[in-house]
Amino acid sequence: MAAASSSDYDGCGAESNEANSKWLDAHYDPMANIHTFSACLALADLHGDGEYKLVVGDLGPGGQQPRLKVLKGPLVMTESPLPALPAAAATFLMEQHEPRTPALALASGPCVYVYKNLRPYFKFSLPQLPPNPLEQDLWNQAKEDRIDPLTLKEMLESIRETAEEPLSVQSLRFLQLELSEMEAFVNQHKSSSIKRQTVITTMTTLKKNLADEDAVSCLVLGTENKELLVLDPEAFTILAKMSLPSVPVFLEVSGQFDVEFRLAAACRNGNIYILRRDSKHPKYCIELSAQPVGLIRVHKVLVVGSTQDSLHGFTHKGKKLWTVQMPAAILTMNLLEQHSRGLQAVMAGLANGEVRIYRDKALLNVIHTPDAVTSLCFGRYGREDNTLIMTTRGGGLIIKILKRTAVFVEGGGEVGPPPAQAMKLNVPRKTRLYVDQTLREREAGTAMHRAFQTDLYLLRLRAARAYLQALESSLSPVSATAREPLKLHAVVQGLGPTFKLTLHLQNTSTARPVLGLLVCCLYNEALYSLPRAFFKVPLLVPGLNYPLETFVESLSNKGISDIIKVLVLREGQSAPLLSAHVNMPGNEGLAAA
């Protein structure tokens, strides 16, 4: 076991030796023969024994002989061949049953191979795509000997150049053959039908309904036919399908599938598309000036590495926050998350043998490696919480452990203004339309300003009237007067036809109790039945939350829902103190029956 001869640099600009470095050199093997990238690395407790292993989707030397490797410490524990090159690896929990051991998902070609306890468990294949009708007709004619192989080749090449849909694998193989081999190929495939199969380009995981660390997760797949698929973690059926304008290559997700989630996809056309729940098409688009080489989400910021040797920070709505120029080309990126200190940062492996760690645009640390790093992975490995695993261009393996006393300090990176500030802007020429609009604004500037001010005053007047009407009719769930400081909150529970309506009433005053209140529920008697639609409220002590419960019976057998108005009244007064409109859910119990 050789020690890595790497130096460590912190953001303050001081070179340090092994004694005061932030990292411990745990292992370095330049002959480990591991050729992969960051998406094919995963850390997980595969056997539930507290010992975390490293899962590697190995491409093999020169892209030959792809294999699935599982490492325990510095040694390869298991190794098995793969039918195609791996695209991504991920670990996720499929179910809540004990023992809660994660499953391993490996995307390779058109399939996702799922392993449990390192044994094959399930194989999910992407649905086949309909073949090109012209291509199908040509092969039918070739099988019936109505066209010769040379004519078939010419017409298939014509279809490949003009059609939007790609050809099938069978046609692509046929076009690669020599003239002497074509006839035997056609005779061999006469009885087989044309199949067009897409492949997986990227994969990640999305929490199903809880945000916990050990919650059940769904698989999110990006495919070559410009689609995103969300898979059910138990049945492996397609829960959602979304379309993109281009092929996705990097994915980042946040949220839960059953609640609300946001998905960012970096595509081959140089754009990043943002999708949200229940949206079949992108909601926002981030246009990059160069191709993306990595996409990482740090809190609410999307950090993108580009082929222009730079890191960019964007919001989820596409607003650029910052740009940092790198000293060399970016080869790989990944997330560094230190749970004990609440730190999230971006790791970027550069072509000059450096691994740079950034929090936003601030440089935290630089690690120098003997060879250029092609993949990065940070997390718990073995029984160490903060372990950095790197593979190099020559197939080497580097393992470093972050010291428990290490603290990353922002050093500001480069001193002075950013390089982008000195770049000359490419200002477009003034068009005729621009000149005409400028003259119009000069001539009619006073009238335009008056019209704007008139519309602004009307908007403010309408908003004030609507607010006054809400106060006078007590449409707000929070009392607006100091004499009756109350707050009302309603919660509906149940699937139907019987619902439980809980009204949380609170006295928000500091010292004065409230007495003599009534609660009245107004509803459509043809749809609902309430045993307690009008009842008294007990003495409200300041600061306490009083839950008032009643039951609502749905009388409709057609799944119709309506609004129930809840009014809080004072004895002897007809005007309500405050009110709440409760949107009742549909009768799901009726639908299940």
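Before going into details, it helps to say that this report is about the structure given with it. (Residues numbered from 1 in each chain as written. Predicted model: local features only at pLDDT ≥ 70, side-chain atom pairs only at ≥ 80, totals over all residues. Heavy atoms only, no water.)

Things to note about the layout of surface pockets
Then, number 1: Approximately 460 Å³ is the volume attributed to the second largest pocket.
Then, number 2: In this structure, the second largest pocket is lined by 16 residues; those nearest its centre are P166, R196, T198, E224 and N225.
Then, number 3: By residue class, the composition of the lining of the second largest pocket is six nonpolar, four polar and six charged. (1 Å grid on protein atoms, 1.4 Å probe; cavity = no way out; pocket = protein on both sides within 12 Å on 5 of 7 lines; lining within 4 Å. Points joined across faces, edges and corners; volume = space filled by probe spheres on them. Nonpolar A, V, L, I, M, F, W, Y, C, P; charged D, E, K, R; others polar.)

A short note on the sheet that holds strand β29 (residues 384–392)
Two pairing modes exist for strands in a sheet, parallel and antiparallel, and in both the strands are linked by backbone hydrogen bonds.
Then, number 1: The four strands are arranged β3-β30-β29-β28 in an open sheet whose pairing can be described as antiparallel. Pairing within the sheet leaves two strands with one partner each, and these edge strands are β3 (23–29) and β28 (373–381). Each strand axis lies, on average, 20 degrees off the axis of its neighbour in the sheet, ignoring direction.
Then, number 2: As defined by bridge partners, β29 adjoins strand β30 (residues 397–402) across five bridges and the pair is classed as antiparallel. Within β30, the residue paired with M390 across the bridge is I398. (Pairing = 2+ DSSP bridges. Helix = DSSP H or I, 4+ residues; strand = E, 2+ residues; numbered from the N terminus. Axes fitted to C-alpha atoms, helices over the stretch in contact; angles between N-to-C directions.)

So, a nonpolar patch on the surface
Then, number 1: A cluster of nonpolar side chains, namely L515, L539, V541 and L544, defines an oily patch on the protein surface of about 350 Å² accessible area.
Then, number 2: Mapped onto the elements of the fold, V541 is located in the loop between β35 (534–537) and β36 (545–554). (Patch = residues over 30% accessible without salt bridge, like charges linked within 9 Å, V, L, I, M, F, W, Y side chains within 5 Å. Areas by Shrake-Rupley, 256 points an atom, 1.4 Å probe, with all protein chains shown as cover. Salt bridge = Lys/Arg side-chain N within 4 Å of Asp/Glu carboxyl O.)

Section: the side chain of D58
Then, number 1: Examined against the element boundaries, D58 turns out to sit in strand β5 (residues 53–58).
Then, number 2: Residue D58 is classed as buried on the basis of its relative accessible area, which comes to 3%.
Then, number 3: Within the structure, the side chain of D58 is placed 2.9 Å from the backbone nitrogen of H35, a separation counted as a polar contact.
Then, number 4: What D58 contacts, discounting residues up to four positions off in sequence, is N33, I34, H35, P66, R67, K69 and P86. (Buried < 20%, exposed > 50% of the residue type's maximum accessible area, 1.4 Å probe, protein only. Polar contact = N/O pair within 3.5 Å; in protein donor to acceptor, adjacent residues only side chain to side chain. Contact = heavy atoms within 4.5 Å.)

Some thoughts on the environment of V259
Then, number 1: On the secondary structure map, V259 appears in the loop between β16 (248–256) and β17 (260–267).
Then, number 2: Once the C-alpha coordinates of V259 and V230 are considered, the two residues, 29 residues apart in sequence, prove to be 14 Å apart.
Then, number 3: Those residues in contact with V259, other than ones at most four positions away along the chain, are N209 and R277.

Considerations on the pairing of strand β6 (residues 67–72)
On a regular strand, one side chain projects to one face of the sheet and the next to the other, so that they alternate.
Then, number 1: Pairing of β5 with β6, which is carried by five bridges, proceeds in the antiparallel orientation. Of the residues in β6, the one forming a bridge with D58 is R67.
Then, number 2: Alignment of β6 against strand β7 (residues 75–81), held across six bridges, turns out to be antiparallel. If you follow V70 over to β7, its bridge partner there is T78.
Then, number 3: Following β6, the chain reverses through two residues before pairing antiparallel with β7; G73 in that reversal takes a positive phi of roughly 70 degrees.

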